[in-house]
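# Breakdown of the fold
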Amino acid sequence: MRKILVFFIGILMTSLHAFAQAPKKPTSSEIYHSLQKLNFLGTALYIAAHPDDENTRLISYLSNNVKAKTAYLSLTRGDGGQNLIGPELRELLGVLRTQELLAARRVDGGEQFFTRANDFGYSKHPDETLTIWNKKDVLGDVVWVIRNLKPDVIINRFDHRTPGSTHGHHTSSAMLSVEAFDMANDENAYPEQLTSTTTWQPKRAFFNTSWWFYGSPENFEKADKSKMLNFDIGVYYPTKGLSNNEIASMASNQHLCQGFGRVTTRGSQNEYIELVKGSLPNDETNIFEGVNTTWSRVSGGKAVGEILYAIEKSFDFIDPAKHLPNLLLAYKKLQEVPDAHWRNLKSKELKDIIVAVSGLYLEASAQESSTYPGGTVKINVEVLNRSSAKIALKSLSILEDYEDGTNLNLEENKKINLELTLNVPENMSYTSPYWLAEKGSLGMYTVADKSLIGKPETPHAFMATFELDFEGFSITIEKPIVHRYSKPDKGELYQPFEILPQATTHLTDKVVIFADSKAKDIPVTIRAGASGLKGKISLEHPQDWQVTPAAIDFTIAEKGDQQTVIFTVVPPEKESEGTIAPVVSVGQKTYSQELIEIAYDHVPTQSVLLSSESKIVRLNIQKVGENIGYIVGAGDEVPESLEQIGYKVHTIDPNNIQPGTLAKYDAIVVGIRAYNVVDELKFKQRHLLDYVNEGGNLIVQYNTASRRGLGIDNLAPYPLKLSRDRVTEENSEVKILAKNHSMVNFPNPITEKDFDGWVQERGLYFPNEWGPEFTPILSMGDSGEAEKQGSLIVAPYGKGNYIYTGLSFFRELPAGVSGAYKIFANMLSIGKDKVENESDIKG
Ligand SMILES: [Zn+2]
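This section reports on the structure supplied with the text. (Residues numbered from 1 in each chain as written. Predicted model: local features only at pLDDT ≥ 70, side-chain atom pairs only at ≥ 80, totals over all residues. Heavy atoms only, no water.)

This part takes up the overall build of the chain. Along its length, the chain carries 17 helices and 43 strands. Radius of gyration (C-alpha) of the chain: 31 Å, near the 28 Å computed for a compact globule of 843 residues. By its C-alpha atoms, the chain is 95 × 75 × 55 Å across when sized along the principal axes. Intrachain contacts of the chain at a sequence separation of at least 6 include 74% that bridge at least 24 residues. Taken as a whole, the chain presents about 36200 Å² of accessible surface, with 49% of it coming from carbon and sulfur. The centroid of the 87 positive side-chain charges in the chain is displaced by 3 Å from the centroid of its 106 negative side-chain charges. (Helix = DSSP H or I, 4+ residues; strand = E, 2+ residues; numbered from the N terminus. Rg over C-alpha atoms; globule rule 2.2 N^0.38 Å. Contact = heavy atoms within 4.5 Å. Areas by Shrake-Rupley, 256 points an atom, 1.4 Å probe, with all protein chains shown as cover. Lys, Arg positive; Asp, Glu negative; His and termini not counted. Charge placed at Lys NZ, Arg CZ, Asp CG, Glu CD.)

Set out below in structure tokens:
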């Protein structure tokens with residue numbers, strides 16, 4: 001055996017939550033299913049835009065009933081959505097949704113791919129989508145996935161012919177799919193890809209239609225179905241004890257952060273697909289018609305097929321190991337197949353079956369969940385042959401330079417345990433989502449290593465390679481190095497083994513607003529990825545800002561432990577913004593990343609490394625009044641943002657609203673979608689309006705206009721109708737309509753410049769009809785659309801004022817957009833220019 005370095009690390013860093021990512025241990029029914037799939041040589045690719053767009057019924061049907069190799073290409077990772085189960089948003093939500101898609105595919109039997117397109121938020125039209133995405137690159141990625149996967153059939157979730165009828169990302173996914181259908185086979189298209197793959201022509205493409213695209217089941221009944229295929233996807237699989245639609249429900253149930261948890265369905269159900277490319281099959285249930293999906297499809301495949309079909313026909317469910325000699329023979333013959341695509345693909349599938357029928361257990365588990373470049377970790381290896389077959393472990397390697405000439409005979413059911421020491425090379429890269437390694441643009445991730453494009457996740461840090469001798473025939477099996485451990489209340493657990501920095505840092509607030517020239521203390525937490533970590537930390541900052549002290553020494557004894565240090569940040573006198581970024585020096589090395597752990601029970605724990613930094617903003621903001629009452633709606637960070645600029649914000653429990661309890665507030669703000677989600681509010685609305693009447697100031701943020709309405713007829717003191725109007729272009733031009741209104745003058749003068757630097761959108765669910773008492777303050781619109789005037793409207797009522805706004809303050813304030821702060825301060829100050837004199841204005 002190789003020399004074993006003795007280097008003891010005593011502290012195990014384990015995460016609080018961990019997922020039982022236990023290796024698959026297939027039953028003989030599952031082995032038989034894999035054999036059936038091995039004997040089907042056809043591939044289907046489903047294409048859409050987001051995690052959850054995919055039709056899991058169809059993916060499961062193609063994978064489990066047709067036995068085709070089936071994959072879902074989601075153009076984006078779903079960064080732009082909401083998260084119903086935790087705090088992850090934007091790129092972190094994309095990481096979670098990537099894992100939920102992989103979890104769904106583990107259930108329905110599909111595979112998962114992505115492009116570099118970023119889900120930048122709602123888009124009304126594919127023209128906008130394909131401008132913000134780099135169309136050439138996203139199309140190239142679709143072509144790349146088609147050329148590598150070589151699907152016979154492509155199925156689009158959306159219709160490429162109806163731009164504007166759904167999310168622009170949706171239509172774009174179908175348009176790019178249709179374009180790529182021909183391009184994949186054109187050697188002049190993306191020729192640089194052809195050094196590592198080959199051209200490919202899919203046979204046909206479909207649009208996965210349904211009554212939903214026709215408005216009603218009745219309309220769909222009448223629709224022309226001459227180009228449609230349909231088949232019953234409610235089939236029952238006795239070997240699984242499940243119906244296809246039950247599997248599909250279980251798969252889509254993995255989309256938990258989107259609230260997809262629901263009961264499973266069973267029974268006959270028709271699925272429709274409409275031909276958009278290629279020839280229509282005569283058999284309307286066979287999408288592979290005209291494609292040879294047997295082993296005779298490939299040159300040299302017939303001999304392989306003869307052996308494997310015979311095994312399938314006489315499969316022994318009681319003693320599948322009986323088939324090992326013939327499986328090995330088929331493997332030998334498969335190596336003579338000249339077509340590299342099929343040889344590689346089917347070799348991998350066949351190897352898994354060979355391991356499974358032998359009951360062979362191979363595992364390499366690191367004793368810690370992570371180490372760092374240059375670090376050392378012990379690896380426990382377990383090798384066990386649970387069949388009577390003659391199998392030997394010829395060698396075991398982890399890194400290329402690892403050499404082990406041991407020839408160990410694997411006797412039936414005699415476990416072999418080995419312990420290796422892995423010395424991680426200094427130049428080893430960190431384990432983190434590859435698409436977040438570099439800063440991307442609004443519409444695209446930047447991926448420097450082109451070989452990673454399309455892959456769902458970063459490849460495992462290390463693989464253990466077992467070279468096995470099966471009755472005189474050598475087969476190499478690779479297994480990722482995992483971390484296996486146990487917890488008394490959870491049992492045995494697995495998580496990925498990772499390479500992480502020796503030091504990472506964390507700033508509590510990602511945006512810090514300085515509303516005056518007072519200094520603020522900024523805590524920075526250092527987390528040790530190695531024991532005995534000793535170094536210095538400093539805070540990078542813009543030149544016109546001051547930070548003390550210049551550096552702080554620290555020592556952290558144990559890996560996984562943290563230490564918090566405080567820097568004092570002094571803003572400049574005039575308005576300014578920039579970033580502060582902690583930098584840790586340990587010896588000659590510096591570290592500037594933050595480590596974020598995403599841990600849920602339904603997906604493997606994810607470690608994400610991002611630049612550790614916060615935005616700092618020095619605002620010259622005037623405000624009047626300081627006591628704000630906040631009624632929480634669906635949840636937003638507006639209260640924390642208002643506190644940052646010096647307001648005192650009190651949360652109001654709607655149950656406690658009584659006449660007279662509100663007068664103490666200078667203004668009351670209603671959180672986003674409060675009337676949608678807080679039922680009590682409709683009983684308390686009259687008290688809120690009385691508060692306005694008596695001189696109060698009520699600010700209502702956006703609520704959604706459902707078809708049934710809000711279930712409240714006095715949302716405002718005057719007529720007010722919500723619509724679905726939204727302005728999604730965050731840089732669209734904004735005109736100030738009411739130039740002399742105090743809203744745009746007091747206490748902060750507002751100009752068009754205050755709409756610079758907004759993020760994601762302007763606003764949503766604007767009212768489109770209101771009573772004459774209201775004054776619309778602003779006008780804005782997306783390109784090519786009519787201007788909308790309902791983003792911010794104000795009406796005096798009694799002695800006070802009522803404001804309704806669909807402007808997306810819930811996004812802009814946490815992002816530190818200075819103009820949004822000034823407009824909000826003016827909303828909170830309205831009416832106070834008449835009752836208070838200048839000396840009360842607090843700077
Ligand atoms: Zn979607």
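The discussion continues.
Packing of helix H2 (residues 56-65) against helix H8 (residues 244-252) brings their axes to within 8 Å, and their N-to-C directions diverge by 125°. When the interaxial angle is binned, H2 and H8 end up oblique. Seen from above, H2 lies across H8 with right-handed handedness. Contacts between H2 and H8 involve Thr56, Arg57, Ser60, Tyr61 and Asn64 from the first element and Asn244, Ile247, Ala248, Ala251 and Ser252 from the second. Of the residues assigned to the contact of H2 with H8, the class counts are 4 nonpolar, 5 polar and 1 charged. (Axes fitted to C-alpha atoms, helices over the stretch in contact; angles between N-to-C directions. Parallel < 35°, antiparallel > 145°, perpendicular 65-115°, else oblique. Left-handed = near helix turned anticlockwise from the far one by under 90°. Nonpolar A, V, L, I, M, F, W, Y, C, P; charged D, E, K, R; others polar.)

Turning our eyes to something else, we now look at the packing of aromatic side chains. What the rule picks out here adds up to 23 aromatic pairs. Ring centres 4.9 Å apart and planes at 80° place the aromatic pair Phe207 and Phe213 in the edge-to-face group. Ring geometry for Tyr718 versus Tyr797: centroids 5.8 Å apart, planes at 90°, classification edge-to-face. You can see Tyr718 sitting in the loop between strand S36 (697-700) and strand S37 (720-727) and its partner Tyr797 sitting in strand S42 (residues 792-797), a full 79 residues away along the chain. Assessed through its relative accessible area of 18%, Tyr718 is described here as buried. Overall, the relative accessible area of 22% leaves Tyr797 in the partly exposed class. (Phe/Tyr/Trp six-rings, centres within 6.5 Å; stacked < 30°, edge-to-face > 60°. Buried < 20%, exposed > 50% of the residue type's maximum accessible area, 1.4 Å probe, protein only.)

Attention now moves to unusual backbone geometry. The omega torsion across Thr548 and Pro549 is -10°, close enough to zero to call that bond cis. Checked against the element boundaries, Pro549 lands in the loop between strand S25 (546-548) and strand S26 (552-556). Cis rather than trans, the peptide bond between Phe746 and Pro747 has omega equal to -10°. Although it is not a glycine, Lys150 sits at a positive phi angle of roughly 55°. Mapped onto the secondary structure, Lys150 falls in the loop between helix H5 (135-149) and strand S4 (153-156). Backbone geometry at Gln760 places phi at a positive 65°, although glycine is not the residue there.

What follows deals with the sheet that holds strand S14 (residues 408-410). Across the sheet, which stays open at both edges, the 4 strands sit in the order S14-S13-S16-S17 with antiparallel pairing between neighbours. Two strands in the sheet have a free side with no partner beyond their single neighbour: S14 and strand S17 (473-480). Pairwise comparison of adjacent strand axes, ignoring direction, gives a mean angle of 35° for this sheet. As defined by bridge partners, strand S13 (residues 391-397) adjoins S14 across 3 bridges and the pair is classed as antiparallel. (Pairing = 2+ DSSP bridges.)

Here we come to the side chain of Arg762. Assignment of secondary structure puts Arg762 in the loop between strand S38 (734-736) and strand S39 (763-770). Buried within the structure, Arg762 lacks any salt-bridge partner; Asp756 is the closest side chain of opposite charge, at an N-O distance of 6.0 Å. One polar contact links the side chain of Arg762 to the main-chain carbonyl oxygen of Phe755, over a distance of 2.9 Å. Non-local contacts of Arg762, meaning those with residues more than four positions away in its chain, are made with Val727, Glu729, Glu730, Asn731, Ser732, Val734, Phe755, Met780, Gly806, Leu807 and Ser808. (Salt bridge = Lys/Arg side-chain N within 4 Å of Asp/Glu carboxyl O. Polar contact = N/O pair within 3.5 Å; in protein donor to acceptor, adjacent residues only side chain to side chain.)

This paragraph deals with helix H16 (residues 818-829). Helix length check: H16, at 12 residues, gives a terminal C-alpha distance of 17 Å against a target of 16 Å (1.5 Å per residue), a fit within 8%. Counting buried residues along H16, 11 of its 12 residues qualify, which places the element largely inside the surrounding structure. Turning to H16, its buried residues number three or more, namely Gly819, Ala820, Tyr821, Lys822, Ile823, Phe824, Ala825, Asn826, Met827, Leu828 and Ser829. Just downstream of H16, Gly831 is the residue with a positive phi angle, here 90°. (Expected span 1.5 Å × (residues − 1).)

Taken together, Leu84, Ile85 and Leu256 make up a surface patch of nonpolar side chains, about 250 Å² in accessible area. As for its position among the elements, Leu256 is in the loop between H8 and strand S9 (270-277). (Patch = residues over 30% accessible without salt bridge, like charges linked within 9 Å, V, L, I, M, F, W, Y side chains within 5 Å.)

Take the pattern of salt bridges next. According to the stated counting rule, one finds 35 salt bridges in the structure shown. Between Arg105 and Asp108 there is a salt bridge; the shortest N-O distance is 2.8 Å. Here Arg105 and its partner Asp108 are both found in helix H3 (residues 90-108), 3 residues apart, which amounts to about one turn of the helix. When its relative accessible area of 3% is taken as the criterion, Arg105 is described as buried. A salt bridge links Asp782 to Lys124; the shortest N-O distance between them is 2.9 Å. In this pair, Asp782 sits in the loop between strand S41 (778-780) and S42 while Lys124 sits in the loop between strand S3 (111-114) and helix H4 (126-132), placing the two residues 658 residues apart along the sequence. Taken individually, Asp782 and Lys124 each receive the classification buried, so the pair is uniform in this respect.

Before going further, it helps to spend a moment on helix H11 (residues 340-357). A rise of 1.5 Å per residue sets the reference length of H11, with its 18 residues, at 26 Å; its end C-alpha atoms lie 25 Å apart and thus fit the reference within 8%. Regarding H11, the residues found buried are His341, Trp342, Leu345, Lys346, Ser347, Leu350, Lys351, Ile353, Ile354, Val355, Ala356 and Val357. The N-capping residue of H11, defined by a side-chain oxygen 2.9 Å from the backbone nitrogen of His341, is Asp339. One or two residues past the end of H11 sits Gly359, with phi positive at roughly 60°.

With that settled, consider the pairing of strand S23 (residues 520-528). Successive side chains on a regular strand alternate, one facing one side of the sheet and the next facing the other. Relative to S23, strand S21 (residues 503-507) runs antiparallel, the two being bridged by 5 bridges. If you follow Thr504 over to S23, its bridge partner there is Arg527. Across 8 bridges, S23 lies against strand S27 (residues 562-570) in antiparallel orientation. Bridge pairing links Asp521 to Thr568 in S27.

Another point: the packing of helix H1 (residues 28-38) against helix H9 (residues 301-313). Interaxial distance between H1 and H9 falls to 10 Å at its minimum, and their mutual angle equals 145°. Here the hand of the crossing between H1 and H9 comes out left-handed. The residues of H9 that touch H1, namely those facing Tyr32, Leu35, Gln36 and Leu38, are Leu308, Ile311 and Glu312. Residues belonging to the contact of H1 with H9 are distributed by class as follows: 5 nonpolar, 1 polar and 1 charged.

Tracing the backbone shows Arg527 in strand S23. Residue Arg527 is classed as partly exposed on the basis of its relative accessible area, which comes to 21%.

Turning our attention to the environment of Leu89. Relative to the elements of secondary structure, Leu89 occurs in the loop between strand S2 (69-74) and H3. Residue class for Leu89 comes out partly exposed when judged on its relative accessible area of 33%. In this structure, the C-alpha to C-alpha distance between Leu89 and Arg77, residues 12 residues apart in sequence, is 12 Å. Apart from the residues within four sequence positions on either side, Leu89 is in contact with Gly81 and Asn83.

Moving on, we get to the sheet that holds S27. Read across the open sheet, the 4 strands follow the order S21-S23-S27-S25; overall the sheet is antiparallel. The sheet is open, and its two borders are formed by S21 and S25, each paired with just one other strand. Each strand of the sheet is rotated relative to its neighbour by a mean of 30°, with strand direction disregarded.

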